[in-house]
Amino acid sequence: MAKTKQRTEGYGSAEVKLHEIEALTILSPEGTVQNEALMPELTDEQLVELMKRMVFTRVWDQRATGLARQGRLGFYAPVAGQEATMIGSQFALEKEDFILPGYRDIPQLYWHGYPMYQAFLWSRGHQHGGEIPEDVNILLPQIIIGAQYVQTNGVAMAFKRRNEKRVAITYTGDGGSSQGDFYEALNFAGVYDLPAIFVVQNNGYAISTPREIQTKASSIAQKGIAAGIRSIQVDGMDVLAVYKVIADAAERGRNGEGPTLIEAINYRLGPHSMSGDDPTRYRSNDEQTEHEQTEPLVRFRKFLTEKELWNDELEEQIIEEAKQEVANAVKKADKYKKMKMEDLIDSMFETTPPHLEEQKKRFLKEDQ
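Summarised in this report is the structure supplied together with it.

About the thresholds
Residues numbered from 1 in each chain as written. Predicted model: local features only at pLDDT ≥ 70, side-chain atom pairs only at ≥ 80, totals over all residues. Heavy atoms only, no water. Patch = residues over 30% accessible without salt bridge, like charges linked within 9 Å, V, L, I, M, F, W, Y side chains within 5 Å. Areas by Shrake-Rupley, 256 points an atom, 1.4 Å probe, with all protein chains shown as cover. Salt bridge = Lys/Arg side-chain N within 4 Å of Asp/Glu carboxyl O. Helix = DSSP H or I, 4+ residues; strand = E, 2+ residues; numbered from the N terminus. Buried < 20%, exposed > 50% of the residue type's maximum accessible area, 1.4 Å probe, protein only. Pairing = 2+ DSSP bridges. 1 Å grid on protein atoms, 1.4 Å probe; cavity = no way out; pocket = protein on both sides within 12 Å on 5 of 7 lines; lining within 4 Å. Points joined across faces, edges and corners; volume = space filled by probe spheres on them. Nonpolar A, V, L, I, M, F, W, Y, C, P; charged D, E, K, R; others polar.

**Examining a nonpolar patch on the surface**
Residues Met 339, Met 341, Leu 344, Met 348 and Phe 349 make up a contiguous nonpolar surface patch of about 440 Å² in total accessible area. On the secondary structure map, Met 341 appears in helix H12 (residues 341–346). Assessed through its relative accessible area of 41%, Met 341 is described here as partly exposed.

Okay, structure coming up:
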């Protein structure tokens, strides 16, 4: 797949070996196939389903962004521009596989079975958002940057010890790759050949800090080389390329061939989060315009239209379906019973300790 080049540069009296990992791409920005040999074996119906999910997710993201501006959500991190990595990666998994997300990775959870209304409740801080259905193999989005990478090793180790043909996949951003947990997780997974997939969604900025400032490495993918694990860089705006590398990584994991680190090159079209970030302060208008012309939906729409699998009428249908489903989820979240402090206390322990019983009595008294 991706080729690894090694070159040597002088540095004083020493030599520094730098590894360059070329990004795998299948679809060009114009939506044409660049490498037919790498095309994944997907039916026309599956290709259309990928586009449906990306359009649906874009509409959902637009609505969620609006809700956050209205103060009707808590924390929310927009996903526009990263749909190919999110949708393509989840589409390559089996239902039995386990997803350990970062805080931006709500779409992967939804398409893996997590109800949308619970995602809205989670954003509002309601504990029911964390009551994951038993048949949905996910953890809640991790707010602590990089912690999900360490947790992924625990899940993957369990799969290996039980001889289960399952993989654990996790995500972080380019900023997360500078965390200590990131390096510890890669090292541990490499030592024990765990069935783990580590995805770095490199959207160019750790909030407002450009990637080239927060790491000296010429790529994030090359960081996996030191851990002795397979390391790939992929065009994260190309849903077919993402699907291909994730499907291959999952097969390797199930076959006992160890973990994979995947750097997906993305571009975040919106702000880092709805918590006051203003991307116009650190990104130029030209940069934004350039990426809007090559973003995932534009690229894949051209590809499917050329194959006569997509048209404006079908897209409008999906948009309306998405609007209705989001509206229904918001309505259900709005009607869900309000959480009380005593509910939170009761859910912490099987038998509530005396000091928390005292706190609960105080809260009940204050509510009266």
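Having seen the model, we can carry on.
**Quick look at the sheet that holds strand S9 (residues 230–235)**
Strand order in the open sheet made by the 6 strands is S3-S9-S10-S6-S5-S4, with parallel pairing throughout. A single partner strand is all that each edge strand has here, and the edge strands are strand S3 (23–24) and strand S4 (98–100). For S9 and strand S10 (residues 260–265), the ladder comprises 6 bridges, and the chain directions are parallel. Bridge pairing in S10 places Val 234 opposite Ala 264.

**Some words on the pattern of salt bridges**
On inspection of all chains with the given rule, the structure shows 14 salt bridges. Its salt-bridge partner being Arg 53, residue Glu 49 comes within 2.9 Å of it at the nearest N-O pair. Taken together, the positions of Glu 49 and Arg 53, both in helix H1 (residues 44–69) and 4 residues apart, correspond to about one turn of that helix. Exposure remark for Glu 49: the relative accessible area of 26% places this residue in the partly exposed category.

**Remarks on empty space enclosed by the protein**
Across all of its chains, the model carries 2 cavities of 30 Å³ or more by this definition. Volume-wise, the largest cavity comes out at about 90 Å³. Around the largest cavity, the lining residues are Trp 60, Ala 64, Leu 73, Phe 75, Tyr 76, Ala 77, Tyr 103, Ile 106, Ala 119, Phe 120, Trp 122 and Ser 123. Residue assignment for the lining of the largest cavity shows that the elements contributing at least two residues are H1 and helix H4 (116–123). The dominant element in the lining of the largest cavity, judged by the number of residues it contributes, is H4, at 4 residues. Looking at the lining of the largest cavity residue by residue, the class counts come to 11 nonpolar, 1 polar and no charged. Its volume calculated, the second largest cavity comes out at about 50 Å³. Lining the second largest cavity, in full, are Thr 57, Trp 60, Asp 61, Tyr 76, Ala 77, Val 79, Arg 104, Ile 106 and Pro 107. When contributions to the lining of the second largest cavity are tallied by element, the ones reaching two or more residues are H1 and helix H3 (106–111). The biggest single contributor to the lining of the second largest cavity is H1, with 3 residues. Its residues placed into classes, the lining of the second largest cavity shows 6 nonpolar, 1 polar and 2 charged.

Remember, this is a structural readout, not a statement about activity or role.
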